[in-house]
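What follows is each chain in one-letter form.
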Amino acid sequence: MASSSVSPPVSAPRPSTSSSTNVSYEMFAPRSMAQVSRLSRLAALTAGPIGLSETNVNGSSSSSANDPSLLAAQDTLLKAMSPPRMTSTTSDTSSTSSTVNAFDKSVTETLRTAVKNSDHLTSILKHTTSLRLALRASINIAEDISNRHAELIRHSGELSAAADRLQGEQEMLSRHAEEIGMPLKHYDAVDNVGVLVGVLFKGKAVVRGLAKIKVDSDEFPSVLDQIDDAVDFFGRESGGRDALEAEMKRQRSRSAKDLQETSGNIEYYRRSLALQDAALDLIREAVVERISNTTFQVASALNIPKDPIAADRLEASLVYTRFHGISSRSNRLLSLVRKRLHRGDAYHELLQQCRYTYCNCRKSLLEATIRAHMEKLKDQHGLVGMTRLASVFLIRLCTVETALYLDFFGEKKAEEVVTANENNDENTKPRKMDSTKGPTPLASQVVSDDGTYYDKDFQAYLASLTSALHRTIRRGLVTVLDLDMLCQIVSVLREERSMASSSPTTTAAARAISSVIEDAQERLIFCATNSLTKEVIRFKPTPKDLDYPQKLKKQGDEKAGSDDVRSAEDDALQKQLQIYESWFPPMRSVLKILSKIFRVVEPRVFEDIALQSVQSCTKSLKDGAAFIQKRSGTIHSDLFLVKHLLILREQLSPFDIDLRSVERQLDFSDAGKAVSRFLANRNRRLFSMSTENALVTLLREGVSINEESVDSKRDLEEALRAACNDFIDHTCKSVGLGVMDLSSKLSAATPESLKTVPFFNAAKVKETLKLTSESFETKAAEISSQMRLYLDTPATQSILLKPISKKITKALDEIRKAICEIADGENDWNGSTRSETLLLIDDLEKTAKKMAKATR
């Protein structure tokens, strides 16, 4: 390539004839050979499409390949596609000719392949173009269909709106037609229904005859609906009963001709009311008169009330079987009435009349039997046994009566009505009123779903039946004085009341039992108060009642004798009775009465009784202690009081009550002054309705209320504490009389006076201590034996002896201290006397401490 030189410029091709007039720019700027060669190739490439035939598979050309024009074009194209030939010297031309020929062959082969591929691409392009045209046609068809569908939807919406409009117009026209025809329907009903219920209208007159329709027929409810609708319509149009009454008053003053010409809503309202009365009379005849006739037949057949029915045969008698037989039909008719209570007061009046008739008829059949049964139970079992048996009988009676009442007036489901009709024969089977069994199922009714039995009339009827228990027991309670019997009656009635209160069907029996309980409690409170007044407040003890300590010693001897006789067995009850008999009678009565009425009367009443009884018992114990003090001595009096107050406090603790109250009393101490001011005031206003009224002022100034808080438990504790302290003081004076006197004198004397006072003389003090020491053990043993006689527990004895020992020990310490402080030679005191006296004090102190431990 380095030896190559620039080729001479090649002359440009001649322009065509069409462009012979144009001047070529080659003469001004000649192209190089390379540019000319490139332009030639471009001209060959842009000369137009080259139609080459497809080559065979084996590389041979078709017959069209011999065409000179095609070969020329092909040769030109090959030349154009071949790389530019480099110009060289003449010597290199021959050497590269073979290389150029081989390259031209490969180019030719490549061009053939490219031509073949281009033909294939051309066919694909044509096919694609045809598909595109088909797709465009499909899209055009789809758009046309979519437009037609939108048009169809628009037309459908218009048709739907038109249909809705037409339907609304149809409904409006139908309503107008109904409104136009509604009055005509009610007019036709009034004109046509009268024959069915047996009513004819002749002018203003109403003629009653036989009804063509039966109350048990299926058409009767529809006839009632037509009559009720007519009454509502004409009542609303005419103004109701007030307008009808006013119109009737006006018509009374008109002539007969005017009355015949009178017409309108008021007249048809009057006729519709007449039809309603006639229809309700049919129901009244089928229910009320049927109940009354059945009652009369049963009473005549059983000779009631002259011959009462036995209680064990009551439920199987005609009193129940005949009423069960008519209950199903009556319930169907009454259900029509209950469903139409909102249609007017006439239905309320009819239902009330049915209830009233039913309750009165049942009461006339059962009242005599219940009273006779109560009296029989009282005569056979006494008042206590009668209360339980009578309560069970009344509970059972309330249950079966509620079942029968619900069969007449209760709500029944459709399947229950069918079952009742199918089993109508079973209702007439005899059943026994067994008081030992629980309540039977309430026929075809479910009590929890039906509150019909809460009707006022029915509950009043049950209360009248159960009042026989109250009257019978009340007559027996008036003569009862035994507290135990009264307590048993209240306890039994409480148990039966809890059973009766457990079911809503027996609330009437529970109320009757509650009233009997109140009467029994009043009688019990009255008897308990009388017993307390007689046995405690007004108790006058006899010498035998206050024979202490002989009474306790006798009890001990009997106890020892019983222990000897009954050594093999421990009769705890006998011992308890002996202890109980040793108590003071008023306290024994108080505890006995309180223990009986504790859980029988109300807590507040019990607290009030206990408050008064404890106060009276404490006062009675103090009076008894004063009598014993005069008769047996101070120690026995103190031990008697301590013993009984301890027992009283111990026995009252299980009751767990607060013995507190506030007593109010009227104070008339200023009444005289108030009356004087009232009489002196001349401007008093007696009839003034204000606080300035003179009488009100007189009462306010002359009468006052004094309140005082009473706490019996506190008073009892204080009395017990005072009794214990008195016993301790008296025992100390009895056991250590000289020591206690000497200690009290030392407390009152001064240190200077001890040097000369006679009671502190050495010989006298020694003599006093010696005498006390000699008698101390004997007296202490006597006190201990007396305490064991009154007080059973050693712990209680120890509690009382410890303060005695401490008090004597304290007195000895004071004497010892005074002896140690006095000097020798003063009041005859010296070393030997002091030593001997101190030894006596030490011995006496040991004995006193030993006394406190003797009960352990």
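A. Spatial organisation of the overall build of the protein chain. Along the backbone of the protein chain there are 25 helices and four strands. Classification of the 856 residues of the protein chain by burial places 37% in the buried group. Carbon and sulfur atoms form 55% of the exposed surface of the protein chain, whose accessible area is close to 50,200 Å².

B. Expanded view of the nonpolar core. Among the nonpolar cores identified, the biggest contains 172 residues, and Leu397 and Phe760 are the most heavily contacted of them. In terms of residues, this core owes the most to one element, helix α9 (residues 345-409), which gives 27 residues.

C. Focus on the pattern of salt bridges. All told, the structure shown has 34 salt bridges when counted by the stated rule. The residue Arg148 makes a salt bridge to Asp144 at a minimum N-O spacing of 3.2 Å. Placement of both Arg148 and Asp144 in helix α3 (residues 90-197) is noted, with a separation of four residues, approximately one turn of the helix. Residue classification places Arg148 among the exposed residues on the basis of a relative accessible area of 61%. Arg362 is paired through a salt bridge with Glu401; the nearest N and O atoms lie 2.7 Å apart. Grouping residues by exposure puts Arg362 and Glu401 together as buried. Residues participating in the shared-partner salt-bridge network are Asp813, Arg816, Asp842, Glu845 and Lys849.

D. Here's a closer look at the confidence of the model for the protein chain. Residues with a pLDDT of 70 or more make up 73% of the protein chain, whose mean pLDDT is 78. This model gives residues 1-21 a pLDDT under 50, and the stretch forms 11 contacts once residues within four places in sequence are excluded. Under a pLDDT of 50 for its full length, residues 414-446 has, in the predicted model, 52 contacts with residues more than four places off or in other chains.

E. Focus on the environment of Ala781. Mapping Ala781 onto the fold places it in helix α23 (residues 762-790). The spatial distance from the C-alpha of Ala781 to the C-alpha of Met851 is 8.2 Å, given a sequence separation of 70 residues.

F. Fine view of the side chain of Ser391. Within the secondary structure, Ser391 sits in helix α9. Judged by its relative accessible area of 0%, Ser391 falls in the buried class. Setting aside residues no more than four positions away along its own chain, Ser391 makes contact with Met386, Leu469, Leu493, Glu496 and Ile513.

G. Structural context of a nonpolar patch on the surface. A cluster of nonpolar residues, Val195, Leu200 and Val207, forms a patch on the protein surface that exposes about 210 Å² of accessible area. Relative accessible area serves as the criterion here: at 35%, Val195 is assigned to the partly exposed category.

H. Local environment of the packing of helix α8 (residues 318-339) against α9. Viewed as axis vectors pointing N to C, α8 and α9 meet at an angle of 145°, and their least axial separation amounts to 8 Å. You can see that α8 and α9 cross each other, and the crossing is left-handed. Residue classes in the contact of α8 with α9 are distributed as 19 nonpolar, four polar and four charged.

I. Spotlight on the packing of aromatic side chains. Under the counting rule described, the total for this entry stands at 19 aromatic pairs. Note on Phe234 and Tyr268: the rings are 5.5 Å apart at their centroids and 25° apart in plane angle, and the pair reads as stacked. Here the residue Phe234 occupies a position in helix α4 (residues 220-238), and Tyr268 occupies one in helix α7 (residues 265-302), the gap between them amounting to 34 residues. The pair formed by Phe234 and Tyr268 is uniform in burial state, with each residue classed as buried.

Rules used in this analysis
All residue numbers refer to positions counted from 1 along the written sequence of the respective chain. Residue-level local features of this predicted model are given only where pLDDT is at least 70; pairs of side-chain atoms are given and counted only at 80 or more, and the full residue set underlies all totals for whole chains, interfaces and linings. Here the side-chain values reflect all heavy atoms present in the structure, with hydrogen atoms and water set aside. Think of it this way: any DSSP run of H or I at least four residues long counts as a helix, any run of E at least two long counts as a strand, and we number them from the N terminus. Exposure is judged per residue with a 1.4 Å probe applied to protein chains only, and the accessible area is read against the type maximum: over 50% gives exposed, under 20% gives buried, and values in between give partly exposed. All accessibility values rest on the Shrake-Rupley procedure with a 1.4 Å probe; residue burial counts only the protein chains present in the view. Buried residues of nine kinds, namely Ala, Val, Leu, Ile, Met, Phe, Trp, Tyr and Cys, make up a nonpolar core once their side-chain atoms join them within 4.5 Å. Whenever Lys or Arg places a side-chain nitrogen within 4 Å of a carboxyl oxygen from Asp or Glu, that contact is recorded as a salt bridge. Each residue carries a pLDDT score, the predictor's confidence in it, ranging from 0 to 100. A contact between two residues is defined here by any heavy atoms of the two lying within 4.5 Å. Excluding any residue in a salt bridge, patches collect residues exceeding 30% relative accessible area, merging like charges within 9 Å and nonpolar Val, Leu, Ile, Met, Phe, Trp and Tyr side chains within 5 Å. Here an axis means a line fitted to C-alpha atoms, over the contact stretch when the element is a helix, while the angle between two N-to-C directions is reported on a 0 to 180 degree scale. Each crossing gets its handedness from the near helix: less than a right angle anticlockwise from the far helix is left-handed, clockwise is right-handed. Three classes are used: nonpolar for Ala, Val, Leu, Ile, Met, Phe, Trp, Tyr, Cys and Pro, charged for Asp, Glu, Lys and Arg, and polar for all others, with Gly counted as polar. Note on ring pairs: Phe, Tyr and Trp rings are taken, using the six-membered ring of Trp, and paired if centres are within 6.5 Å. Classes follow the plane angle, with under 30 degrees stacked, over 60 edge-to-face and the rest tilted.

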